[in-house]
Amino acid sequence: MKKFLLGTNWKMNKSLAEAINYTKQLMPIIKKYESFDFFIIPPYTHLWKIKEEIQTANSLLKLGAQNMHEEDFGQFTGEISPLMLKEIGLDIIELGHSERRQYFNETDEAVNRKALAALKHGFNPLICIGEKLENKNYGVSKEMLAKQLKIALTDISAAAIGHFWIAYEPVWAIGVGGTPAETPYVNEIHNFLRSVLIERYGKNGDDIPLLFGGSVNINNASDYAQLENVDGLFIGRSAWEPQLFEEIMQSVKTVIG
Ligand code: PGA
């Protein structure tokens, strides 16, 4: 059975000491929730140390990076290559977060190149898609999302199923100032995304985890989690303290089991 996924991207937050402290507190907590798979996505500079903590504790906590360049090496000042991340022993590479798209001009085509490179190097890409408020207001959310998803998945074959995840994160719901999405809307979009995946991969499209993110918090997590095509939650601010994250785990456990 697919385990329900619960994870957090820290964005550009936390000192190294805070990162280690968080990880040390989180690892014993997640042991109590065996029906979930957990992941954290810290800033690059903390990854080596956190990986050591995870190994020392023999924890099942999965570790990811927030971005990656698609080339193995080269003249790309400021970028981090798959080989560098592979040395650390990461599980996940987050790709195409809306902040990467908005502030760093990341395109669907770049997300696709990076996803292919991530798979080639044995990582699990976590591909993020999401429509902007103006798309939603014009009633073209589904068209935008289908385009993002189809381009991101170009040349990714059915053989890769089980090795990549999709996160739907409406841009207007993300971060401070974001508006949490209504549950029926999330339901409609996740059902739609599932249909796009099934159209693309046949019945196997059912096995691709679809996570939801954007202002997930203690008040809405269990509502989203019980939707048929929500296979995980991708959380920002509300999971940046282990105790608050655990409150969300408890709440989701009441509906997931
Ligand atoms: P948020 O962030 O939960 O703080 O809205 C979500 C995200 O950016 O993935």
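Just above, that's the structure.
Presented here is an overview of the structure given in this document. (Residues numbered from 1 in each chain as written. Predicted model: local features only at pLDDT ≥ 70, side-chain atom pairs only at ≥ 80, totals over all residues. Heavy atoms only, no water.)

Focus: the overall build of the chain
Argument step 1. Within the chain, the secondary structure is distributed over ten helices and eight strands.
Argument step 2. In terms of overall dimensions, the chain is globule-like: its C-alpha atoms have a radius of gyration of 17 Å, near the 18 Å expected for 257 residues.
Argument step 3. Principal-axis analysis of the C-alpha atoms gives the chain an extent of 50 × 45 × 35 Å.
Argument step 4. Of all 257 residues assigned to the chain, the portion counted as buried reaches 54%. (Helix = DSSP H or I, 4+ residues; strand = E, 2+ residues; numbered from the N terminus. Rg over C-alpha atoms; globule rule 2.2 N^0.38 Å. Buried < 20%, exposed > 50% of the residue type's maximum accessible area, 1.4 Å probe, protein only.)

A look at the environment of Gly64
Argument step 1. Within the secondary structure, Gly64 is located in strand 3 (residues 62–65).
Argument step 2. In the structure, Gly64 is positioned 24 residues away from Ile40 in sequence and 6.2 Å away in space, judged by C-alpha atoms.
Argument step 3. Filtering out sequence-adjacent residues up to four positions away, Gly64 remains in contact with Ile40, Ile41, Pro42, Leu47, Leu90 and Ile92. (Contact = heavy atoms within 4.5 Å.)

Notes on unusual backbone geometry
Argument step 1. With phi around 55°, Asn58 is a residue other than glycine that occupies positive phi space.
Argument step 2. Along the polypeptide, Asn58 turns up in the loop between helix 2 (47–57) and strand 3.
Argument step 3. Using a relative accessible area of 67% as the deciding quantity, one classes Asn58 as exposed.
Argument step 4. One non-glycine residue with positive phi stands out, namely Ser215, at about 55°.
Argument step 5. Mapping Ser215 onto the fold places it in the loop between strand 7 (210–213) and helix 9 (221–225).
Argument step 6. Residue classification places Ser215 among the buried residues on the basis of a relative accessible area of 10%.

A closer look at the site of the ligand
Argument step 1. With respect to spatial proximity, the complete set of residues near the ligand consists of Lys11, His97, Glu169, Ala173, Ile174, Gly175, Gly214, Ser215, Ile235, Gly236 and Arg237.
Argument step 2. Separating an oxygen atom of the ligand from a side-chain N or O atom of Lys11 is a distance of 2.7 Å.
Argument step 3. Residue Ser215 places a main-chain N or O atom 2.8 Å away from an oxygen atom belonging to the ligand.
Argument step 4. A total of 280 Å² of accessible area belongs to the ligand in isolation, and the protein chains cover 99% of it.
Argument step 5. A class-by-class count of the residues in the shell around the ligand yields three nonpolar, five polar and three charged. (Near = heavy atom within 4 Å. Polar contact = N/O pair within 3.5 Å; in protein donor to acceptor, adjacent residues only side chain to side chain. Areas by Shrake-Rupley, 256 points an atom, 1.4 Å probe, with all protein chains shown as cover. Nonpolar A, V, L, I, M, F, W, Y, C, P; charged D, E, K, R; others polar.)

Describing the layout of surface pockets
Argument step 1. In this structure, the largest pocket spans a volume of roughly 460 Å³.
Argument step 2. In terms of lining, the largest pocket is formed by 17 residues, of which the most central are Lys11, Met12, Gln66, Arg100 and Phe104.
Argument step 3. When residues in the lining of the largest pocket are grouped by element, the largest group, four residues, is from helix 4 (residues 98–104). (1 Å grid on protein atoms, 1.4 Å probe; cavity = no way out; pocket = protein on both sides within 12 Å on 5 of 7 lines; lining within 4 Å. Points joined across faces, edges and corners; volume = space filled by probe spheres on them.)

Thoughts on helix 7 (residues 141–152)
Note on helix geometry: an α-helix contains 3.6 residues per turn, so any two residues three or four positions apart are oriented the same way.
Argument step 1. Taking 1.5 Å as the rise per residue, helix 7 with twelve residues should run 16 Å; its terminal C-alpha atoms sit 16 Å apart, in good agreement.
Argument step 2. Those residues of helix 7 hidden inside the fold are in contact with helix 4, helix 5 (108–120), strand 5 (124–129), helix 6 (133–137), strand 6 (165–168) and helix 8 (183–201). (Expected span 1.5 Å × (residues − 1).)

Looking at the pattern of salt bridges
Argument step 1. Per the counting criterion, the structure on display carries 13 salt bridges.
Argument step 2. Where Lys24 meets Glu53, a salt bridge forms, and the shortest distance between an N and an O atom there is 3.9 Å. Of this pair, Lys24 sits in helix 1 (residues 16–30) while Glu53 sits in helix 2, and the two are 29 residues apart along the sequence.
Argument step 3. Its relative accessible area of 47% is what places Lys24 among the partly exposed residues.
Argument step 4. The buried category is assigned to Glu53, whose relative accessible area is 18%.
Argument step 5. Across the salt bridge formed by Glu106 and Arg100, the nearest N and O atoms sit 3.6 Å from each other.
Argument step 6. Looking at Glu106, the relative accessible area reads 9%, which means it is buried. (Salt bridge = Lys/Arg side-chain N within 4 Å of Asp/Glu carboxyl O.)

What is shown is where atoms sit, not what they do.
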